[in-house]
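# Understanding the architecture of this molecule
Next come the chains, spelled out residue by residue.
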Amino acid sequence: MINKKFIQKLKNDYDSKNSERRQIVSLANIALHDSKRVIFSLHRGDIKKAEENLAEIEKILQKLEKNFGQQRINEEGSYKAAVEEYTEAKMFYFIIIGKKIDKIKEVNLSFDSYLGGICDTTGELVRYAVNQAASGKFGEVEKTKNIINEIMEQLVEFDMTGYLRTKYDQAKGNLRKIEQIHYEINLKK
């Protein structure tokens, strides 16, 4: 009653997809953790280390796209998490070195990776501002507040829903935090 060749083909397809998934998850996890290392390096002022890690992450993401194709890798949640964390790290890097937030040329990213990563960057900027304030660099706090304001000015133009709405709301919360920090610094002057 069962076509055994058909069932065998299903099993082969299933096994192939599982093998791909394991490979994607493994490399995506490395990219995710290395992206976190980039952010920590940037907070410590180690730009060279951050650049080295970014280059390694980009090689991993390029390899995944080459081996499996954009459509296939975007099916995996671990990949999506990795590229969003990478985007956050790269945007934070751009800001730290004085560049504009812009398209990342080394890797193909979806709009939701960009938007989620940019929203998350505001949290790293708040952390950066706190560290700058602790070092007595109060002018950096104001610069950082202005950057977050500019980001939010652009993000407000999107009608984000679902997962991205949560990210947007977190970014709004980060704006409130930096405004509070800036206010408290100005009270003490």
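Here's a quick rundown of the structure. (Residues numbered from 1 in each chain as written. Predicted model: local features only at pLDDT ≥ 70, side-chain atom pairs only at ≥ 80, totals over all residues. Heavy atoms only, no water.)

Here we take up the pattern of salt bridges. Going through the model one piece at a time under the given rule, you end up with 18 salt bridges. Between Glu76 and Arg21 there is a salt bridge, with its nearest N and O atoms 3.3 Å apart. Highlighted residues: Glu76 in the loop between helix 3 (70–73) and helix 4 (77–96) and Arg21 in helix 1 (residues 4–43), separated in sequence by 55 residues. (Salt bridge = Lys/Arg side-chain N within 4 Å of Asp/Glu carboxyl O. Helix = DSSP H or I, 4+ residues; strand = E, 2+ residues; numbered from the N terminus.)

Attention now moves to the environment of Lys103. Relative to the helices and strands, Lys103 is located in the loop between helix 4 and helix 5 (111–134). Take Lys103: its relative accessible area is 53%, and that puts it in the exposed class. As a C-alpha pair, Lys103 and Thr87 span 16 residues in sequence and 9.8 Å in three-dimensional space. (Buried < 20%, exposed > 50% of the residue type's maximum accessible area, 1.4 Å probe, protein only.)

What follows is about the nonpolar core. Counting residues in each nonpolar core, the largest one holds 51 residues, and the members touching the most others are Leu61, Leu64, Tyr79, Tyr86 and Leu155. Elements with a contribution of two residues or more to this core: helix 1, helix 2 (47–68), helix 4, helix 5, helix 6 (138–155) and helix 7 (162–188). The element that contributes the greatest number of residues to this core is helix 4, accounting for ten residues. If we skip the residues at most four places from it in the chain, Tyr79 touches Ile24, Ala28, Leu61, Leu64, Gln70, Ile73, Asn74 and Asn108. (Core = buried A, V, L, I, M, F, W, Y, C linked by side-chain atoms within 4.5 Å. Contact = heavy atoms within 4.5 Å.)

Tallied over the entire structure, the rule returns two aromatic pairs. Centre to centre, the rings of Tyr93 and Phe94 are 6.2 Å apart; their planes meet at 45 degrees, and the pair counts as tilted. The exposure class assigned to Tyr93 is buried, which follows from its relative accessible area of 10%. (Phe/Tyr/Trp six-rings, centres within 6.5 Å; stacked < 30°, edge-to-face > 60°.)

The next subject is a nonpolar patch on the surface. On the surface, Met1, Ile2, Phe6, Ile7 and Leu10 cluster together into a nonpolar patch covering about 640 Å² of accessible area. When you line up the elements, Met1 lands in the segment before helix 1. (Patch = residues over 30% accessible without salt bridge, like charges linked within 9 Å, V, L, I, M, F, W, Y side chains within 5 Å. Areas by Shrake-Rupley, 256 points an atom, 1.4 Å probe, with all protein chains shown as cover.)

Here we take up helix 5. Its 24 residues give helix 5 an end-to-end C-alpha distance of 35 Å, which sits within 8% of 34 Å, the value for a rise of 1.5 Å per residue. Burial of helix 5 is extensive: 17 of the 24 residues sit out of reach of the surface. (Expected span 1.5 Å × (residues − 1).)

Overall, Glu76 belongs to the buried group, its relative accessible area being 9%. When near neighbours in sequence (up to four residues on either side) are disregarded, Glu76 contacts Arg21 and Ile24.

The next thing to look at is the packing of helix 6 against helix 7. Contact pair helix 6 / helix 7: the axes reach a minimum separation of 10 Å and the direction vectors enclose 150 degrees. The pairing of helix 6 with helix 7 is recorded here as roughly antiparallel in orientation. For the element pair helix 6 and helix 7, the recorded crossing hand is left-handed. Contacts between helix 6 and helix 7 involve Phe138, Val141, Glu142, Thr144, Lys145, Ile148, Asn149, Met152 and Leu155 from the former and Tyr168, Ala171, Lys172, Leu175, Ile178, Glu179, Ile181, His182 and Ile185 from the latter. (Axes fitted to C-alpha atoms, helices over the stretch in contact; angles between N-to-C directions. Parallel < 35°, antiparallel > 145°, perpendicular 65-115°, else oblique. Left-handed = near helix turned anticlockwise from the far one by under 90°.)

We now examine helix 4. The terminal C-alpha atoms of helix 4, which comprises 20 residues, lie 29 Å apart, in line with the 28 Å expected from a rise of 1.5 Å per residue. Within helix 4, 16 of the 20 residues are buried, which leaves the element mostly enclosed by the surrounding structure. Gly98 lies just past helix 4 and shows a positive phi near 90 degrees.

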